[in-house]
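Read off the chains here:
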Amino acid sequence: MTEEAEVGVDPSPTSEPEQQAPHFLQDVIFHGKFKLLKALTPEENTHCQHGLYFEDGERRVDYVLTYPLKKPSGGRSTRQSSHLLIENAVARSLRRGPHSRDEHHRKHQAQKAKDSLSPPSPPGADVELGCPGETLGGQEDHKMFTREKFEAKLRDMGLELEKDEDTKIQGVGFVKIHAPWNVLCREAELMKLKMPTKKMFEIKESSGVMEKINTLVSKVLEPLHPHVEERRHRHIKHLSHTFSREKQHLFDLSDKDYFFDSKTRSSIVFEILKRTKCKAKYNMGITSLLGSGVYTAAYPLHDGDINEESAEPNDRKLLYEEWANYSVFYKYQPIGLVRKYFGEKIGLYFAWLGLYTQMLIPASLVGVIVFLYGCATVDDNIPSMEICHPKNNITMCPLCDRVCSYWKLSTACGTARASHLFDNPATVFFSIFMALWAAMFMEHWKRRQMRLNYEWDLTGFEDEESPSQDHPRAEYEFRVMQKSLSKDQKLQHKTEKLSCRDRLPAYMTNIVMMLLMIGVTFAIVFGVILYRISTKAALHMSSNPITRNHVQLTVKTTAAIINLVVILILDEVYGAVARWLTVLEVPKTDKSFEERLIFKTFILKFVNAFSPIIYIAFFRGRLVGRPGSYLYVFESYRMEECAHGGCLMELCIQLSITMLGKQLIQNNLFEIGVPKLKKLIRYIQSKQVAFQEEERQKKLQRYETDHFLEPFAGLTPEYMEMIIQFGFVTLFVASFPLAPLFALLNNIIEIRLDAKKFVTELRRPVAARAKDIGIWYNILRGVAKVAVIINAFVISFTSDFIPRMVYQYMYSPDGSMHGFVNHTLSYFNVSHFQEGKETLDPLHLGYPVEICRYKDYREPPWSATPYEISKEFWAVLAVRLAFVIVFQNVVMLMSDIVDWLIPDIPKDISLQIHKEKILLIDLFMKEEQVKLQFRENRLSTAAKENCSKSNNNNNSTTAHPRSRLHTDSTKSL
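Quantities reported herein were computed from a predicted structural model and do not represent experimental measurements.

> Please explain the overall build of the chain as it appears in this structure.
Summing up its helical and strand segments, the chain has 32 helices and 14 strands in all. For the chain, the share of sequence-separated contacts (at least 6 apart) that also reach a separation of at least 24 residues comes to 80%. Element-wise, carbon and sulfur atoms account for 60% of the exposed surface of the chain, whose accessible area totals about 49,100 Å².

Pasting the structure below:
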């Protein structure tokens, strides 16, 4: 929720800085230079370590808020300036001790009281939304008042603030936030953060045969590991425990400034910002203030520069050198450092992506072997030899009405040979292998996830423990507020919430819109079908013989490209529609919002990407009819048929173009080419002043530089790319064995591309804790299960594998494949064509044709039941269905066996977790013993003191009577 607000601040046309704002944004976008920046002195260039610290140079900036600055007018300007001076005075005095701090606090309260004497806001005006009839200046005053109120409550929460309105960026003010030690301790205890204790232990590896092999493999693969600090101390681990202020003595607090790293500090501040209420009951925290334009952005800072040679060593620079660099594409990712800098959620994504890429290596090798097998056996394929034989004189029926003529089966030789590359017995084996591969990938990821949970101290963490999961979203709070205001005043004391009845219109809208979007996808697929039919007929009418000879290839390729373009466009449209529908539902929490958005986006994009492929695989050529009784659409468009080699070749073309196009254009070209193009335009347009602008840019503070970076929009787009790719790799892999290879090549680039984007182009995200990848794992499992069923149907119904097996073992006279082509072709008497549907050129082959052939299992015209479905059709259909059932159950049984054989938790991790529990118990027992011994020492010391006091009291008691007697006797005398 640290992104820039979608609802911007309305610009005022009266102020001069606002008129310059569009030109400034244009310079930033197209020139990449900050032409309106003020000149800086050399002293300011090194001031406060480039904006990472407050003005005192000691308090670190943990979070930054930005807000729009307008040209002040009237008395408000004086109040704002004086208020700013007091803010800076308070910030400078925070380290002078409590007395000075209280003095400045009293000054600050006096100034606020003076401000309160100014005319108040109109009654009933909402500081968030403003009044319908108020001016823009009034809205800005309300936003300024809201900011002051919110910042005052942040100070009440213990945060320290420092404003900077005299920046090099005109029209933008910055609020720097620092969390002191007591606030960090309090929030760490509330968030149940696990922190390392003083206790350290060594992770010992057992001395078995497998461990020795693993050690040898690790030494061989040592050059592939990145050069980061975490590799040196991987055998030593701190014992971690949930932080508690009462048990601070257990933790190593020798350096309090670095006990909580920058990732943890920013996440703590973000939690405070989210739950700090600007109003008494509603308007929950920073999210609503961003949405209403009170603040324009909220983000933590990157910890340093990456390009400057003189820059101090920092994690960001190390990530840039060892991770976000194309020259290290062959190395493993520094996942521990990624987690340390970006948090567990982003670390899990890149760990999952890395494991997925590694698992693609064996799948790619097997796919290449299957493809090479098809290439090696294409000349030995008997059906292809029969089709390509020069003496083959089988005359085929026209492929379209009127303009198409009869043709020889031998002209389909090229298509038949190409189909064998993917339609051969090895594809069945490859489909089984990929189903088991998917199951092994899921199991390996669970083991990898558990290992990371142990290394990152998340073994006992649950999502419900994160406070951010319970925070209601600003939109939800606003809807609840509207509902409560509409109720009777007597019911105001009751706690309101949105019920299913309140959300019913949104649910109905979701259902209707989802069905409508899916219907649009099907309509576009149908439109491409009409394009293929009409284009095929038009090309057959061409006078160019080359065009007529390549009709099939031209139509298939162009239709696949059209499908790709439509898919790319609809992907963007469906993403926006899914977000709009999710906003209508008004989910209560961010987690619920994200899960609903992911589900809708996945459904729409999955249907969009795979609808053309599913049509070709399972429907094309099934609803054609037969010569003399074809099926027509709109009474003029005859449904298209598959080529003689089957639809598998066209399925391969469609799948390859869609997959490669999405990866090349959507995933890589948009992410690489567009920034490069913008950089080129900036260089060309600002070539004359490049040097001076670069010098000025270097003098920006860290929070000013990060302001121009893109806000982090979440991991949903990144996951969605990989999930769709996973579908391409597993769902129709029987028709395209090279899919894993192209996915591997894409992911090698994608990892470094995403890494560079996170390190250099995006603002630093707020670290989010997570122990798994959430709903994405369930989607992956669902895709893997569906892949088994789809591949079974592709092998059974789309390819010719089952018809070949049936012919060889049931109808072949010698048990070979000789005569298979003739067995699959039926006869048709050309005199039975419908009137007006016969060919215009019956002598195209040079002789009149009486009988033509077509691919189907039907009775000949001279039989008692002409053109009826033959018994061979039912035999093939029965075997196809039996194959689907057997294949599906066998493969799923094997997947379950793999799931059972591979434990979810590695054995060494379970042993280490048990060892940590024992060490933690020992640590607490020693602590209790120390406490008990301390108490006993205090009791014994107290007892000795009591004994000494009682002895003294006894002595004084015996001495007092004597003195009284002496006194009495003296008085009597």
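> Honestly, the packing of aromatic side chains in this entry has me stumped. Any pointers?
The relative placement of two aromatic rings is captured by the distance of their centres and the angle of their planes. With the rule as written, the count across this model stands at 49 aromatic pairs. With a centroid separation of 6.3 Å and an interplanar angle of 85 degrees, the aromatic rings of Phe 618 and Phe 793 are classed as edge-to-face. In this pair, Phe 618 is assigned in helix α22 (residues 590-618) and Phe 793 in helix α28 (residues 775-798), connecting sequence segments 175 residues apart. Each ring, one from Phe 801 and one from Phe 883, has its centre 6.0 Å from the other, and the planes form 55 degrees; the classification is tilted. Of this pair, Phe 801 sits in helix α29 (residues 801-811) while Phe 883 sits in helix α31 (residues 871-901), and the two are 82 residues apart along the sequence. The aromatic ring of Tyr 341 is capped on one face by Arg 764, whose charged end is 3.9 Å from the ring centroid. Sitting over the ring of Tyr 632, Lys 837 keeps its end group 4.4 Å from the ring centre.

> What am I meant to see in empty space enclosed by the protein here?
Scanning all chains against the criterion turns up 7 cavities of 30 Å³ or more. There is about 160 Å³ of room inside the second largest cavity. Along its surface, the second largest cavity is lined by 13 residues, and Ala 439, Arg 781, Ala 784, Lys 785 and Ser 895 are the ones closest to its centre. If you list the elements that add at least two residues to the lining of the second largest cavity, you get α17 (425-455), α28 and α31. Top contributing element to the lining of the second largest cavity by residue count: α17, with 5 residues.

> Before we go on, may I ask you to explain the state of the cysteines in this structure?
Put plainly, a disulfide is one covalent bond tying together the sulfur atoms of two cysteines. In the structure shown here, the tally under the stated rule is 3 disulfides. The partner cysteine of Cys 388 in its disulfide is Cys 413, sulfur to sulfur 1.9 Å. Judged by the sign of its S-S torsion, about 100 degrees, the bond between Cys 388 and Cys 413 is right-handed. Of the two residues, Cys 388 sits in helix α15 (residues 382-388) while Cys 413 sits in helix α16 (residues 413-420), which places them 25 residues apart along the sequence. On the basis of relative accessibility, which here comes to 19%, the residue Cys 413 falls in the buried class. With its sulfur 1.6 Å from that of its partner, Cys 400 forms a disulfide with Cys 404. Between Cys 400 and Cys 404, the disulfide has an S-S torsion of 90 degrees and is therefore right-handed. The pair Cys 400 / Cys 404 is uniform in exposure class, with both members buried.

> Explanation requested: the pattern of salt bridges in the structure shown.
Between side chains of opposite charge, pairing is possible as soon as their charged atoms come close. If you walk through the whole model with that rule in mind, you get 35 salt bridges. Here Glu 187 and Arg 275 are joined by a salt bridge, their closest N and O atoms 2.4 Å apart. Of this pair, Glu 187 sits in helix α7 (residues 181-190) while Arg 275 is found in helix α10 (residues 262-275), placing the two residues 88 residues apart along the sequence. For Arg 275, a relative accessible area of 25% gives the class partly exposed.

> How should I be thinking about the nonpolar core in this particular structure?
Note that soluble globular proteins tend to have their nonpolar side chains buried in a common cluster. By size, the foremost hydrophobic cluster in this structure holds 115 residues, and its most contacted members are Phe 342, Trp 352, Tyr 356, Trp 437, Phe 732 and Ile 773. Two domains each put at least three residues into this core: domain 2 (358-456 + 722-905) and domain 3 (503-641). Excluding residues that lie within four positions of it along the chain, Ile 773 makes contacts with Leu 348, Trp 352, Trp 445, Gln 449, Tyr 719 and Leu 780. Within the second largest apolar cluster, 46 residues are counted, among which are Tyr 63, Val 175, Leu 239 and Ile 272.

> Please clarify how a nonpolar patch on the surface should be interpreted in this entry.
On the surface, Leu 504, Met 508, Ile 511 and Leu 515 cluster together into a nonpolar patch covering about 410 Å² of accessible area. Looking at where Leu 515 falls in the secondary structure, it is placed in helix α19 (residues 500-540).

> Sorry if this is basic, but what is going on with the sheet that holds strand β3 (residues 172-178) here?
Pairing between the strands of a sheet comes from backbone hydrogen bonds, and it takes one of two forms, parallel or antiparallel. In spatial order, the strands read β2-β3-β1-β6; together these 4 strands make up an open sheet with antiparallel pairing. Pairing within the sheet leaves two strands with one partner each, and these edge strands are β2 (160-164) and β6 (297-299). Each strand of the sheet is rotated relative to its neighbour by a mean of 20 degrees, with strand direction disregarded. Examined bridge by bridge, β2 and β3 share 5 bridges and lie antiparallel to one another. Within the sheet, the bridge partner assigned to Glu 162 lies in β3 and is Lys 176.

> Just to check I follow, could you spell out the side chain of Arg 853 for this structure?
Its place among the elements puts Arg 853 in strand β14 (residues 851-855). Although buried, Arg 853 forms no salt bridge, and the nearest oppositely charged side chain, Glu 386, lies 10 Å from it. Here Leu 825 takes part through its backbone oxygen, which lies 3.1 Å from a polar atom of the side chain of Arg 853. Not counting the four nearest positions on each side in its chain, Arg 853 is found in contact with Ile 394, Thr 395, Met 396, Cys 397, Asn 822, Leu 825, Ser 826 and Tyr 827.

> Sorry, what's going on with the packing of α28 against α31 here?
Each pair of packed helices can be described by the angle between their axes along with the distance between the axes. Two elements in contact, α28 and α31, have axes whose closest approach is 9 Å; the angle formed by their N-to-C orientations is 150 degrees. In terms of axis orientation, α28 runs roughly antiparallel to α31. Considering the relative orientation of α28 and α31, their crossing is right-handed. Residues Arg 781, Lys 785, Val 788, Ile 789, Ala 792, Phe 793, Ile 795, Ser 796 and Phe 797 of α28 pack against Leu 877, Arg 880, Leu 881, Phe 883, Val 884, Phe 887, Gln 888, Val 891, Met 892, Asp 896 and Asp 899 of α31. Each residue belonging to the contact of α28 with α31 can be placed in one class, and the counts come to 13 nonpolar, 2 polar and 5 charged.

> Please explain the environment of Val 175 as it appears in this structure.
You can see Val 175 is positioned in strand β3. Among the residues examined, Val 175 registers a relative accessible area of 1% and is labelled buried. A sequence separation of 13 residues divides Val 175 from Glu 162, and the C-alpha atoms of the two residues are 5.7 Å apart. If we ignore the near neighbours within four places in the chain, the residues touching Val 175 are Tyr 63, Val 64, Leu 65, Tyr 67, Glu 151, Leu 161, Glu 162 and Lys 163.

Criteria and cut-off values
- Residues numbered from 1 in each chain as written.
- Predicted model: local features only at pLDDT ≥ 70, side-chain atom pairs only at ≥ 80, totals over all residues.
- Heavy atoms only, no water.
- Helix = DSSP H or I, 4+ residues; strand = E, 2+ residues; numbered from the N terminus.
- Contact = heavy atoms within 4.5 Å.
- Areas by Shrake-Rupley, 256 points an atom, 1.4 Å probe, with all protein chains shown as cover.
- Phe/Tyr/Trp six-rings, centres within 6.5 Å; stacked < 30°, edge-to-face > 60°.
- Lys NZ or Arg CZ within 6 Å of the ring centre and 35° of its normal.
- 1 Å grid on protein atoms, 1.4 Å probe; cavity = no way out; pocket = protein on both sides within 12 Å on 5 of 7 lines; lining within 4 Å.
- Points joined across faces, edges and corners; volume = space filled by probe spheres on them.
- Disulfide = S-S within 2.5 Å.
- Buried < 20%, exposed > 50% of the residue type's maximum accessible area, 1.4 Å probe, protein only.
- Salt bridge = Lys/Arg side-chain N within 4 Å of Asp/Glu carboxyl O.
- Core = buried A, V, L, I, M, F, W, Y, C linked by side-chain atoms within 4.5 Å.
- Domains from an automatic or database assignment.
- Patch = residues over 30% accessible without salt bridge, like charges linked within 9 Å, V, L, I, M, F, W, Y side chains within 5 Å.
- Pairing = 2+ DSSP bridges.
- Axes fitted to C-alpha atoms, helices over the stretch in contact; angles between N-to-C directions.
- Lys, Arg positive; Asp, Glu negative; His and termini not counted.
- Polar contact = N/O pair within 3.5 Å; in protein donor to acceptor, adjacent residues only side chain to side chain.
- Parallel < 35°, antiparallel > 145°, perpendicular 65-115°, else oblique.
- Left-handed = near helix turned anticlockwise from the far one by under 90°.
- Nonpolar A, V, L, I, M, F, W, Y, C, P; charged D, E, K, R; others polar.

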